[in-house]
Amino acid sequence: MKQGRDATQEEGVQIVKDCLASGKNYSEMALKYKVSYQQVRTWALRFEEMGESGLEDRRGKRKKDQVPRTELEKAQIEIEQLKHKLYLAEMERDLLKKLDEIERRDAFWK
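In short, a report on the structure. (Residues numbered from 1 in each chain as written. Predicted model: local features only at pLDDT ≥ 70, side-chain atom pairs only at ≥ 80, totals over all residues. Heavy atoms only, no water.)

Here we look at unusual backbone geometry
Here Lys34, not a glycine, exhibits a phi torsion of approximately 60°, which is positive. Mapping Lys34 onto the fold places it in the loop between α2 (26–33) and α3 (37–50). (Helix = DSSP H or I, 4+ residues; strand = E, 2+ residues; numbered from the N terminus.)

Overview of the packing of helix α1 (residues 9–21) against α3
Their axes nearest at 9 Å, the elements α1 and α3 cross at an angle of 85°. Accordingly, the angle class assigned to the pair α1 and α3 is roughly perpendicular. Across the interface between the two elements, Gly12, Ile15, Val16, Lys17, Cys19 and Leu20 from α1 touch Val40, Trp43, Ala44, Phe47 and Glu48 from α3. Residue composition of the contact of α1 with α3, grouped by class: eight nonpolar, one polar and two charged. (Axes fitted to C-alpha atoms, helices over the stretch in contact; angles between N-to-C directions. Parallel < 35°, antiparallel > 145°, perpendicular 65-115°, else oblique. Contact = heavy atoms within 4.5 Å. Nonpolar A, V, L, I, M, F, W, Y, C, P; charged D, E, K, R; others polar.)

Side note on the nonpolar core
Formed by 14 residues in total, the largest nonpolar core has its most connected members in Ile15, Met29, Val40 and Leu55. When contributions to this core are tallied by element, the ones reaching two or more residues are α1, α2 and α3. Among all residues touching Ile15, those that are not within four sequence positions of it are Met29, Tyr33, Val35, Val40 and Trp43. (Core = buried A, V, L, I, M, F, W, Y, C linked by side-chain atoms within 4.5 Å. Buried < 20%, exposed > 50% of the residue type's maximum accessible area, 1.4 Å probe, protein only.)

Notes on the packing of aromatic side chains
A full pass over the atoms with the stated rule returns two aromatic pairs. Ring plane angle 85° and centroid distance 5.7 Å describe the contact between Tyr26 and Tyr37, whose orientation is recorded as edge-to-face. Placement of the pair is Tyr26 in helix α2 and Tyr37 in helix α3, with a sequence separation of eleven residues. Residue Tyr26 is classed as buried on the basis of its relative accessible area, which comes to 12%. (Phe/Tyr/Trp six-rings, centres within 6.5 Å; stacked < 30°, edge-to-face > 60°.)

Printed below as a string of structure tokens:
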């Protein structure tokens, strides 16, 4: 059973600002804006941690295509990119080794 309603990012920002102004009274804001208590609390915690960008809907988006919100996220994205580059380099190395082995074997049989 759904207790709240969907809200846009702008509405979320307004709700969080009102919530912080009222001393983090999550239940009052949930009733006032007809959203769930948990949603107000989650938005407030994200807003405090990352600002307005913490309230963006990033479902279904890949990290490599996104602008990082925090330094930690930026570092994690860079690590994943470097891991991918290493994987491709290792595949290329293994392929070249196999090609070299095949060429030597063919030269031996001729």
